[in-house]
Amino acid sequence: MSRRNVLRSGVVAGAAGAASTLGTASATVPRGGPARTGRPGSSGVKLRWLGVAGWELSFDGHRILVDPYLTRQPYTDSDGAADMKRKLQVNHRMIDWVLREHLTSAPEFILLTHGHWDHLADVPHLLDHPAWRDREINVLGTETHLHLLTAMGVPGTGREHRLVTVEGEEVLRHPLMPSDKPSRPDFTIEVVRSLHSQLGGYGFDPYGTLTAPPARPRTLGDLVEGGTLGYQVTVGDRLSVMFLSGSANFAARAVAGATPDVLVLGASGHAAVHDYFERAVAALGRPPVIVPSHHDDLVTALDDPTVHDTVNRRVVDRLQQVLGADGRVLDPRHLEPLEL
């Protein structure tokens, strides 16, 4: 049986003033799910990699996105060093193509892990896309992430989108608890505090937090980290998926006791993190399935036939070695759904 955790969160505050209508779970919410049985793909849950740290989780007509970033702009100078003075770009052609061919329905939730450009920069343009702008989409992130989105024009006049501030420990249910009688949710989203990757030199850039919307971001460096989050989505009694996908680090005590069926794990930028893969696998109870994340080159276009060649597939072998023979490490391909 999976371990459970008594709900400790209250009603979350929404940056757009409407978050209290989301509600929270009323009693207990699984920190993990029942052990999966049956053949692979029998859960009815699909996972689609959008490149970098972007993911779509879909099931029973529901869709959740994590860090949807599709533009994949260059970010280095002529010497190959990261250049945070580069102006932000938007690849509207790519966004149109992905929404037409792959993300054919609007999500109910967008979950932000942190505020860097390769996680947050496309979110305002996705929310304002003609295919999505009149749908109600809940965007979860820290105060800093939502201040950045506000500075970039979200939600905008007449939009239905809702910005929801979270910090970690919130456990949200969907749909809302009906007023007439209790019911089980279709799914829950548990927010967990996390940590950003620690690179050579023990740091990362751009970092910082915000307590109010800044001037409109113009450069890569204007999109600061603003705290890092993870998320666990639990689909009824079928499957739990933990997204520690946005960076290659984690807060071990924040996820202690979680036993997800599937772990989506950030795989790049952990040069300064001691025993990262080993500690993550152990802390989460040796998940039956692990999917690496954030391990491509960030820039090759999603419709380029060579985009899959930019993936560091050595991390698949390394994770399989750490996990051992009792679990599976999947090797995702861009935009191709995985049956969980």
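Residues numbered from 1 in each chain as written. Predicted model: local features only at pLDDT ≥ 70, side-chain atom pairs only at ≥ 80, totals over all residues. Heavy atoms only, no water.

Undergrad: I tried to follow the packing of aromatic side chains on my own but got confused; where do I start?
TA: Each aromatic ring pair is characterised by the separation of its centres together with the angle its planes make. Following the criterion strictly, the structure yields 7 aromatic pairs and no others. Between tryptophan 49 and tryptophan 55, the aromatic rings sit 6.0 Å apart at their centres with planes inclined by 20 degrees, giving stacked as the arrangement. Arranged with centres 5.2 Å apart and planes meeting at 40 degrees, the rings of tyrosine 276 and phenylalanine 277 form a pair that is tilted. Both residues of the pair, tyrosine 276 and phenylalanine 277, belong to the buried class. In textbook terms, an aromatic cluster arises when at least three aromatic residues are bridged by ring pairs, as seen for Phe59, Phe109 and Phe187. (Phe/Tyr/Trp six-rings, centres within 6.5 Å; stacked < 30°, edge-to-face > 60°. Buried < 20%, exposed > 50% of the residue type's maximum accessible area, 1.4 Å probe, protein only.)

Undergrad: Just to check I follow, could you spell out the pattern of salt bridges for this structure?
TA: For side chains of opposite charge, pairing can occur when their charged atoms come near one another. In the structure shown here, the tally under the stated rule is 14 salt bridges. Across the pair arginine 100 and glutamate 101 runs a salt bridge whose closest N-O atoms are separated by 3.3 Å. Here arginine 333 makes a salt bridge to glutamate 336, at a shortest N to O gap of 3.5 Å. For glutamate 336, a relative accessible area of 38% gives the class partly exposed. Here the residues in one salt-bridge network are Arg48, Glu56 and Arg63, joined through shared partners. (Salt bridge = Lys/Arg side-chain N within 4 Å of Asp/Glu carboxyl O.)

Undergrad: I'm lost on the pairing of strand β5 (residues 62-66) in this one. Help?
TA: Remember that side chains alternate between the two faces of the sheet whenever the strand is regular. In terms of burial, β5 is a largely internal element, 4 of the 5 residues being buried. Relative to β5, strand β4 (residues 54-59) is paired through 5 bridges, and the arrangement is antiparallel. Within β5, the residue paired with tryptophan 55 across the bridge is valine 66. What sits between β4 and β5 in their antiparallel hairpin is a turn of 2 residues, with aspartate 60 showing a positive phi close to 50 degrees. Inspection of the sheet shows β5 paired to strand β6 (residues 109-111) by 3 bridges, in the parallel sense. Bridging across to β6, valine 66 finds its partner in leucine 111. In this region the chain leaves β5, passes through helix α1 (residues 92-101) and returns to the parallel neighbour β6; the handedness of that crossover is right-handed. (Helix = DSSP H or I, 4+ residues; strand = E, 2+ residues; numbered from the N terminus. Pairing = 2+ DSSP bridges. Right-handed = clockwise from strand over helix to strand, strands pointing away.)

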